[in-house]
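# Structural description and commentary
Read off the chains here:
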Amino acid sequence: MILIRLVKLFFLIIVISYSIVWLADNPGNIEIVWKDYLLQTDLIGFAFFLVFLVFILIFSYFFIQKITSFPERIRASRNIKFQRLGNKALNDIASNIFLNEFDEIEKNSRKLRKYFDNQIFSTFMLFYSSMVKNDTIQAKKYLNLLENIPEAGYIFKRGLVLIHLKERKIDAAKELLSEVINDFPNDDWFGERLAIILSKEEKWEQALNAIENINLKKNKRLLNMVANLKILSGKKPTEVVKFSSDSIFVVAEAIKSYLDNGELKKASNLIEKNWSNFDCLFIIEVFMRHNLNNEKDSLQRFKLISRILKKVKFQSDETKLALAFSAFEANMWGESQSFLDMIKKSSLDNRMVDLYKKISEKSIKISLPSLPDEIIERPLWRCEECKRKYEAWKFICDECGEVNKIIWPKSSFQSQNKNKITNILQNSFSHFPKMN
């Protein structure tokens, strides 16, 4: 292969050399008549003239192109500079969000608009910072700008809902949400906001309709809310619990329904399936007390509960209390005490101490054991938003008005938004000042 290339190169050199020698020996003459002038030269001189002419033309072309492209190069240089400054502004905004530096967010958003000629994101961030600072007048101005950008229709409508809620224009927010969910039928944010407003008005059926058809597979909180609304709107508990058993309210109502129909086994199976998730004495209280017929019925229920809870792998103090309580309800005082004795004295709370006292009152053979000086307060239901505590579960918090946010502290079903940073990342409006 290399040999063939060398042979080709050799013949090419011979041809070129021969041509140059021949032209040198036979230069010839070229005569050109131009405006009564006779121009004479040989072939080599003419060739040099042509090369010089081509060089002049090429040089002129590049020179002219350089002059005409000068403004474009200035623009390109400016764009590179703006891109660098714009990227820095974006990086700064990320830090500002984490540090809650809302004045800086506003400054850097203005820089984005200048450097990137960006309309949607920069205007949204200006709206965002104004809302956080409770400057609704300024927020409305930026929202009006978003309204005129066709691609920002979703952001505009979502922002307008927030403005209405912040200004306590509940009817306006409800009317807007009713219209918007037709445009965005699968959007859980709009559906949930409308359901919350309707829930506060105790319009359970309408609230359910607002979110029932949304894809709930990835939103357990909303799935839980739908299940609760189904019960509140009168749906059959034993059917609702098949839809979702994540709500302790739904499970308790289903247990009551099974007990009303005399289906003890189904009720106990429901507890067996869900006990580890809830770890809450409340559902045992429902099972042991609801629609109780006689002492024999009570004993039968205790046997079912005892068999279920003794199989639980992790025997929590709540499980031991549940066993003690169910034994007490079945008038098995010694059995009840033995379960209570399994709890460390340092872990006793008010409920356990009260049960000890009740047992000692029922049986003269059982005396109240020595108790620690400080007794732990009983666990209470807690609102995830305002932290108010309740004796019993509620759908709507009396303190802050939040819907479906009251949880049992030992339950494995917690809110999807566990901290401020997660809140910000999942929902840019989630940490705005609370809206009544």
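Computed from a prediction, not measured in an experiment: that's the story for all the values here. (Residues numbered from 1 in each chain as written. Predicted model: local features only at pLDDT ≥ 70, side-chain atom pairs only at ≥ 80, totals over all residues. Heavy atoms only, no water.)

## Quick notes on helix H9 (residues 188-200)
Using the following cut-off: Under the DSSP-based scheme used, a helix requires at least four consecutive residues in state H or I and a strand at least two consecutive residues in state E, with every element numbered from the N terminus. Expected helix span is taken as 1.5 Å per residue step, with the number of steps being one fewer than the number of residues. Buried means the residue's accessible area, taken with a 1.4 Å probe over protein chains only, is under 20% of the maximum for its type, while exposed means over 50%, and partly exposed covers the values in between. We call two residues in contact when some of their heavy atoms are within 4.5 Å. Under the rule applied, a polar contact is a pair of N or O atoms within 3.5 Å (in protein, one hydrogen donor and one hydrogen acceptor; residues adjacent in sequence only if both atoms are side-chain atoms).
With 13 residues, H9 extends 18 Å from end C-alpha to end C-alpha; this agrees with the ideal 18 Å at 1.5 Å per step. Along H9, eleven of the 13 residues are buried, which leaves the element largely enclosed by surrounding structure. Those residues of H9 lying buried are Trp 189, Phe 190, Gly 191, Glu 192, Arg 193, Leu 194, Ala 195, Ile 196, Ile 197, Leu 198 and Ser 199. On its buried face, H9 sits against helix H7 (153-166), helix H8 (170-183), helix H10 (204-211) and helix H11 (220-232). Of the residues that open H9, the one with a side-chain oxygen 3.1 Å from the backbone nitrogen of Trp 189 is Asp 187. One or two steps after H9, the chain reaches Glu 202, where phi turns positive at roughly 60°.

## Concerning the confidence of the model for the protein chain
The following threshold applies: pLDDT measures how confident the predictor is about each residue, on a scale from 0 to 100.
Of all residues in the protein chain, 86% have pLDDT values of 70 or greater, and the mean over the chain is 83. Ranking the elements of the protein chain by mean pLDDT puts helix H20 (residues 420-426) last with 40 and helix H13 (residues 248-260) first with 95. The low-confidence segment residues 416-436 (pLDDT under 50) makes 43 contacts with residues lying over four places distant or belonging to another chain.

## Remarks on the packing of H13 against helix H14 (residues 264-278)
Packed helices, taken two at a time, are described by their axes: the angle between them and the distance between them. The cut-off we apply is this: An axis is simply a line fitted to the C-alpha atoms; with a helix, the fit covers only the stretch in contact. Between two such axes, the angle follows the N-to-C directions and lies from 0 to 180 degrees. Should an angle fall under 35 degrees it is taken as roughly parallel, and over 145 as roughly antiparallel, whereas 65 to 115 is taken as roughly perpendicular and any remaining angle as oblique. Each crossing is labelled by how the near helix is turned from the far one, with a counterclockwise turn of less than a right angle marking it left-handed and a clockwise turn marking it right-handed.
Where H13 contacts H14, the axes come no closer than 8 Å and their chain directions differ by 165°. Judged on the interaxial angle alone, H14 and H13 are roughly antiparallel. For H13 against H14, the interelement crossing comes out left-handed. In this structure, H13 uses Ile 248, Val 251, Ala 254, Ile 255, Tyr 258 and Leu 259 to contact H14, whose residues at the interface are Leu 264, Lys 266, Ala 267, Leu 270, Ile 271, Asn 274 and Phe 278.

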